[in-house]
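Single-letter residue listing:
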Amino acid sequence: MTDLSKLVINKGGKVPSKSCWKIFLNILITVFHKIAFASSRWICSMCYTETKTVPPVKNPIILESAMSLAEKIRTKKLKSEDLIKAYMERLQDINPILNCLVEDRFKDALEEARNADKLVEGGTMSEDQLAKEKPLLGLPFTTKDCIMVKDLHHTSGLLSRKDIIAKEDSECIALLRKSGAIPIGLTNVSELCMWWESSNKVHGRTNNAYNVNRIVGGSSGGEGCIQSAIGSSFGIGSDIGGSIRMPAFFNGIFGHKPSKFTVSSHGQYPAPASEFQESFLGLGPMTRKATDLKPLLKIISGDKAKNLKLDENVPVKNIKVYYQENCLNTKIVSPVDSTLKRVLKEAASHLSTVCDTKVKNVEFKKMAISSKIWLASMNIKDSLSFMERLTGNNSVLNVLLEIAKCAIGQSKHTFVALMTSFIEKIGPQAGTKEHEKMLKLRQELEDEFRELLGDDGVFLYPTHPTAAPFHNEPLLKMHNFNYTAIINVLGFPATHIPMGLNDEGLPIGIQVVSNWNNDRLCLAIAEELEKKFGGWIDPSSSKKDN
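This section reports on the structure supplied with the text.

### Description of the overall build of the chain
A count of helical and extended segments in the chain gives 19 helices and 14 strands. Taken against the 2.2 N^0.38 rule, which gives 24 Å for 546 residues, the C-alpha radius of gyration of the chain at 22 Å falls within 12% of a compact globule. Taking the principal axes of its C-alpha atoms as reference, the chain extends roughly 80 × 60 × 45 Å. Pairs at least 24 residues apart make up 78% of the contacts formed inside the chain by residues separated by at least 6 positions. Total accessible area on the chain stands at roughly 21,900 Å², and carbon and sulfur atoms take up 54% of it. Between the averaged position of the 69 positive side-chain charges in the chain and that of its 61 negative side-chain charges there is a distance of 5 Å.

What follows is the structure, encoded as structure tokens:
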């Protein structure tokens, strides 16, 4: 890459000097974590030795993009009923291995598919009318078990909600149905959607299609998995700290978290505790093809779509590109793998050849405290705590007792959910000076980003510092989510872009961020990098060993 300048974004003044004991403590913490990370990796590699792999696709039609399939349905080249049957067959092959689909509605979906085929055959609507009014007619999709789909369970991975049935569709699902799309099932999540491995006491654990010993991410992990393994034509996830982008990263697909307040969160459980917290939450599309993101985003944005100007032509050459290699904090966060740094630079290098302006390496210093800023922003005064939400009846858990019960398999909650309840009390508490300080720094960081990006800039950043860890390994790497979480509290749109596989055969990639309502820039970069680097890779055809 040629002539990359470096900008330091640190408007807070000089970094204060540290006393010797603080320097020593930081070194000690860093060394401890490196030893812990290395030890956990070795132990996991010894414990997880499963060799199951997903079988090859039997019907190649399901490999096509969602928009291509929709076009074939309305032009009578493909029947919706046949397409759903093809996905049903695929799910029967992969779900016993992956456990990504937790509930189906195949019977109802087939009936809706037949009705879609009758509408096409009847000729009461022209192809142009169908394309305009029902652009997703007959297209089967899935969504996570925390977004309401009428008559299906709505558990959010919480045992106390195992018998709750959604009485209506969420607004996002309703918009998709109006466009002709057909939901075929729900996918797995982490307990209460607040962890980055999808495992719970209701549905169990989901395995990665590229290596079943590895995680699929959370909380939209089941959705990321089902997309990577070609189990539906597209999916819908939700993201309050990286829950679309991390699963997209671990599963090698595309995932987009929209600008704040773009897609309605109605029907998402748990619901945001305030308007401020709602600005962090984004429901968005998860796909195997970058070109599917924009049309899906346009539909689920409803009336807000006009704010995104998605129909505007976006010449990539006019986009200004900035990038940062890491979050500048390795005390409690894993260092970014060299392979991930390499693909980030390769993306920047490619964009430097197609953009009119130089690609610039920047450093947002405040990214080093991303975890603290996110935790403080999530801690809303007078709102229900994570601990209270876990009970389902807003009572308070005896966390230490539940952890003891968990050790003997008697708790109704996962260990990590209990630990999250405990850690929640460690973060900056609402009303304290530390809390106010973190919110002030959040605002300053937001201002710095907005000034740099303007209306024509994007920011390339790691989605995660390592490829998919082994199951349970995130327990020792819990702060690694800060690469995605910080973008949520800033309210910016972000897209994860797959960039191939590493030496272990695991997906790798990067995220691209833009200013508010400039989602179209992220999507344009995603399409450009997909053309250059190939995008999603079929796990059943990968030559890498599992």
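### Let's talk about helix α3 (residues 80–98)
Here α3 spans 25 Å end to end across 19 residues, near enough to the 27 Å set by a 1.5 Å rise per residue. Once α3 finishes, asparagine 99 follows within two positions and takes phi at roughly 55 degrees, a positive value.

### Overview of the nonpolar core
Soluble, globular proteins show a tendency: their nonpolar side chains are buried together. Of all hydrophobic cores here, the largest spans 135 residues; its most connected members are Leu98, Leu176, Phe234, Phe459 and Leu460. Residue contacts for leucine 98: discarding those within four places in its chain leaves Val54, Arg205, Thr206, Asn207, Asn208, Ala209, Val212, Cys225 and Ala229. Of all hydrophobic cores here, the second largest spans 10 residues; its members include Met387, Leu390, Cys406 and Leu418.

### Describing the packing of aromatic side chains
Taken as a whole, this structure holds 14 aromatic pairs when the rule is applied. Relative to phenylalanine 449, the ring of phenylalanine 364 lies with its centre 3.9 Å away and its plane at 10 degrees, an arrangement referred to as stacked. Note that phenylalanine 364 is positioned in strand β11 (residues 360–364) and phenylalanine 449 in helix α17 (residues 433–453), a separation of 85 residues in sequence. Among the residues examined, phenylalanine 364 registers a relative accessible area of 0% and is labelled buried. Centre to centre, the rings of phenylalanine 364 and phenylalanine 459 are 5.5 Å apart; their planes meet at 90 degrees, and the pair counts as edge-to-face.

### Considerations on helix α6 (residues 171–178)
Listing the buried residues of α6 in full gives Cys172, Ile173 and Leu176. End-on view of α6: buried residues confined to an arc of 95 degrees, all on one side of the axis. Those residues of α6 that are buried are in contact with β3 (140–144), β7 (235–239), β9 (282–287) and α10 (293–300). Once α6 finishes, glycine 180 follows within two positions and takes phi at roughly 105 degrees, a positive value.

### Observations regarding the pattern of salt bridges
Where charged atoms of side chains with opposite charge meet at close range, the side chains can pair. The tally for this structure, following the rule as stated, stands at 27 salt bridges. As a salt-bridge pair, arginine 105 and glutamate 112 come within 2.6 Å of each other at their nearest N and O atoms. Its relative accessible area of 9% is what places arginine 105 among the buried residues. The exposure class assigned to glutamate 112 is partly exposed, which follows from its relative accessible area of 25%. Across the salt bridge formed by glutamate 473 and lysine 477, the nearest N and O atoms sit 3.0 Å from each other. For lysine 477, a relative accessible area of 5% puts it in the buried group. Ionic contacts of the salt-bridge type, sharing partners, join the residues Glu81, Lys85, Glu111 and Arg114 into one network.

### Overview of the environment of valine 333
Mapped onto the elements, valine 333 comes out in the loop between β10 (320–323) and α12 (338–354). In the structure, valine 333 is positioned 303 residues away from threonine 30 in sequence and 9.1 Å away in space, judged by C-alpha atoms. With residues up to four places along the chain from it excluded, the contact list for valine 333 reads Phe37, Cys327, Pro465, His479, Asn480, Asn482 and Tyr483.

### A word on the environment of threonine 30
With respect to the secondary-structure elements, threonine 30 resides in helix α1 (residues 20–47). Note: C-alpha distance between threonine 30 and lysine 331 (301 residues apart in sequence) is 4.4 Å. Beyond its immediate stretch of four places on either side in the chain, threonine 30 contacts Thr330 and Lys331.

### A closer look at the pairing of strand β8 (residues 254–257)
Of the two faces of β8, both are covered, the one formed by Phe254 and His256 as well as the one formed by Gly255 and Lys257. Direction of pairing for β8 relative to β9: antiparallel, over a ladder of 2 bridges. Counted as the bridge partner of phenylalanine 254 is threonine 287 from β9. In the sheet, β8 pairs with strand β13 (residues 494–501) via 3 bridges, with the strands oriented antiparallel. Bridging from a neighbouring strand, lysine 257 pairs with alanine 494 of β13.

### A few points about a nonpolar patch on the surface
On the surface, Trp21, Phe24, Leu25 and Leu28 cluster together to form a nonpolar patch covering roughly 450 Å² of accessible area. Mapped onto the secondary structure, phenylalanine 24 falls in helix α1. Judged by relative accessible area, phenylalanine 24 falls into the exposed class, the value being 54%.

### Describing the layout of surface pockets
Here the second largest pocket is characterised by a volume of approximately 880 Å³. Along its surface, the second largest pocket is lined by 46 residues, and Met194, Trp374, Met378, Phe386 and Thr420 are the ones closest to its centre. If you list the elements that add at least two residues to the lining of the second largest pocket, you get β7, α13 (370–378), α14 (386–391) and α16 (415–424). With 5 residues, α16 is the single largest residue contributor to the lining of the second largest pocket. For the lining of the second largest pocket, a count of residues per class yields 25 nonpolar, 14 polar and 7 charged.

### With respect to the side chain of threonine 143
Its location among the elements puts threonine 143 in strand β3. A relative accessible area of 0% places threonine 143 in the buried class. Those residues within four positions of threonine 143 in sequence are excluded, and the remaining contacts are Val149, Ile173, Gly185, Leu186, Thr187, Glu223 and Ile236.

Each value, and the rule that gives it
- Residues numbered from 1 in each chain as written.
- Predicted model: local features only at pLDDT ≥ 70, side-chain atom pairs only at ≥ 80, totals over all residues.
- Heavy atoms only, no water.
- Helix = DSSP H or I, 4+ residues; strand = E, 2+ residues; numbered from the N terminus.
- Rg over C-alpha atoms; globule rule 2.2 N^0.38 Å.
- Contact = heavy atoms within 4.5 Å.
- Areas by Shrake-Rupley, 256 points an atom, 1.4 Å probe, with all protein chains shown as cover.
- Lys, Arg positive; Asp, Glu negative; His and termini not counted.
- Charge placed at Lys NZ, Arg CZ, Asp CG, Glu CD.
- Expected span 1.5 Å × (residues − 1).
- Core = buried A, V, L, I, M, F, W, Y, C linked by side-chain atoms within 4.5 Å.
- Buried < 20%, exposed > 50% of the residue type's maximum accessible area, 1.4 Å probe, protein only.
- Phe/Tyr/Trp six-rings, centres within 6.5 Å; stacked < 30°, edge-to-face > 60°.
- Arc of directions from axis to C-beta.
- Salt bridge = Lys/Arg side-chain N within 4 Å of Asp/Glu carboxyl O.
- Pairing = 2+ DSSP bridges.
- Patch = residues over 30% accessible without salt bridge, like charges linked within 9 Å, V, L, I, M, F, W, Y side chains within 5 Å.
- 1 Å grid on protein atoms, 1.4 Å probe; cavity = no way out; pocket = protein on both sides within 12 Å on 5 of 7 lines; lining within 4 Å.
- Points joined across faces, edges and corners; volume = space filled by probe spheres on them.
- Nonpolar A, V, L, I, M, F, W, Y, C, P; charged D, E, K, R; others polar.

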